[in-house]
Amino acid sequence: MKNPYFGRLLTAMVTPFNADGSVNYEKAADLAEWLINNGSDGLVVAGSTGEAATMSTEEKLELFRVVVNRINKRVPIVAGTGCNNTAESVKMTKMAEAMGVDGALVVGPYYNKPTQEGFYQHFAAVAQNTKLPVIVYNVPGRTASNIAPATVARLAADFENIVAIKEAAGNVMQVAELYAALPEDFTIYSGDDGLILPFISVGATGLISVLSNIGGGILQDVMQAYAEGRTHDAAALNAKMVPLANAMFIETNPIPVKAAVTLVSGIEAGDPRLPLTPMEPANKEKMIVVLKEYGLVK
């Protein structure tokens, strides 16, 4: 397994909010600290799990600044800078770069449903306007369209700073196609915790994780076992991990994991912003049962 660009396990960290819905920057910095002490090789700030879609530009930039300052280059900080407006994605990436982040995660434009040429031109515009290394984020379940492996390969060939993809289409064959089409030093991150083992078996090299918000140890163990050729151990660890990962998706991400962060880390993450709502009590109880089974809460 090749060395991933930003490290093997990046956490797509939740964004803590105060009771009034404002961003709690101090707790965000505390959570970033907790995460790098609990299995994370790097952090993605203001991604989907961080509720970027409901955050203002000013909030994102301040969040980048606070987390970058607290972590102080101990691990890479990747900023979620993409949206469905190419000009705004370029602008946000340039501003995030000025805040000192180490990379940009740029989602495929949602709602617009661009052609493959449209995807290419969107990511090209971002890459041409920043020195940051860029991760292409393919998540058809949220964007309604898929970035084809051939398009990713074209981007990788044309732009040295497009260095990785977060592949969240849930398609093992597509990961295999990416691996065959991309350069040796290009990093393929799984965007799904529960698919990390099949994905790395066909060429993925790391994970951008929701589950690691409550501790990345078991995910690191799965990937390490596979890297060492201990495939039976990797399968056993993966089987142990999957129910916990599934518990983080009882409701729409990041509703469950945000509640779990508060319970496991002791850092109050607050409720999600509308249109997401607090976790249904019955589902929260189900999640707590799973957390107890794994010894994450008492």
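To be clear, the structure that these remarks concern was listed above.
Residues numbered from 1 in each chain as written. Predicted model: local features only at pLDDT ≥ 70, side-chain atom pairs only at ≥ 80, totals over all residues. Heavy atoms only, no water.

1. A closer look at the overall build of the chain
Then, in step 1: The secondary structure content of the chain amounts to twelve helices and eight strands.
Then, in step 2: Relative to a compact globule of 298 residues, whose C-alpha radius of gyration would be 19 Å, the chain shows 18 Å and is just as compact.
Then, in step 3: In terms of overall dimensions, the chain has a C-alpha envelope of 50 × 45 × 35 Å along the principal axes.
Then, in step 4: Of the contacts made within the chain by residues no fewer than 6 positions apart, 73% connect residues no fewer than 24 positions apart.
Then, in step 5: Total accessible area computed for the chain in this model is approximately 12,200 Å², and 51% of it derives from carbon and sulfur atoms.
Then, in step 6: Here the chain contributes 23 positive and 30 negative side-chain charges, whose respective centroids are spaced 2 Å apart. (Helix = DSSP H or I, 4+ residues; strand = E, 2+ residues; numbered from the N terminus. Rg over C-alpha atoms; globule rule 2.2 N^0.38 Å. Contact = heavy atoms within 4.5 Å. Areas by Shrake-Rupley, 256 points an atom, 1.4 Å probe, with all protein chains shown as cover. Lys, Arg positive; Asp, Glu negative; His and termini not counted. Charge placed at Lys NZ, Arg CZ, Asp CG, Glu CD.)

2. Some details on the nonpolar core
Then, in step 1: Grouped together as the largest cluster of nonpolar side chains are 87 residues, with contacts concentrated most on Leu43, Phe64, Ile162, Ile214, Met248 and Leu291.
Then, in step 2: Per-element tally for this core: the top contributor is helix 4 (residues 116-128), with seven residues.
Then, in step 3: Among the nonpolar cores identified, the runner-up in size contains 15 residues, and Leu10, Val107, Ile135 and Ile208 belong to it. (Core = buried A, V, L, I, M, F, W, Y, C linked by side-chain atoms within 4.5 Å. Buried < 20%, exposed > 50% of the residue type's maximum accessible area, 1.4 Å probe, protein only.)

3. Section: the sheet that holds strand 5 (residues 134-138)
Then, in step 1: Taken together, the eight strands give a closed barrel; going around it, the order is 1-2-3-4-5-6-7-8, and neighbouring strands pair in parallel fashion. Direction aside, neighbouring strands of the sheet carry axes that sit 25° apart on average.
Then, in step 2: Note: strand 7 (residues 187-190) against strand 8 (residues 206-209), two bridges, orientation parallel. Across the sheet, Tyr189 pairs through a bridge with Gly206, a residue of strand 8. (Pairing = 2+ DSSP bridges. Axes fitted to C-alpha atoms, helices over the stretch in contact; angles between N-to-C directions.)

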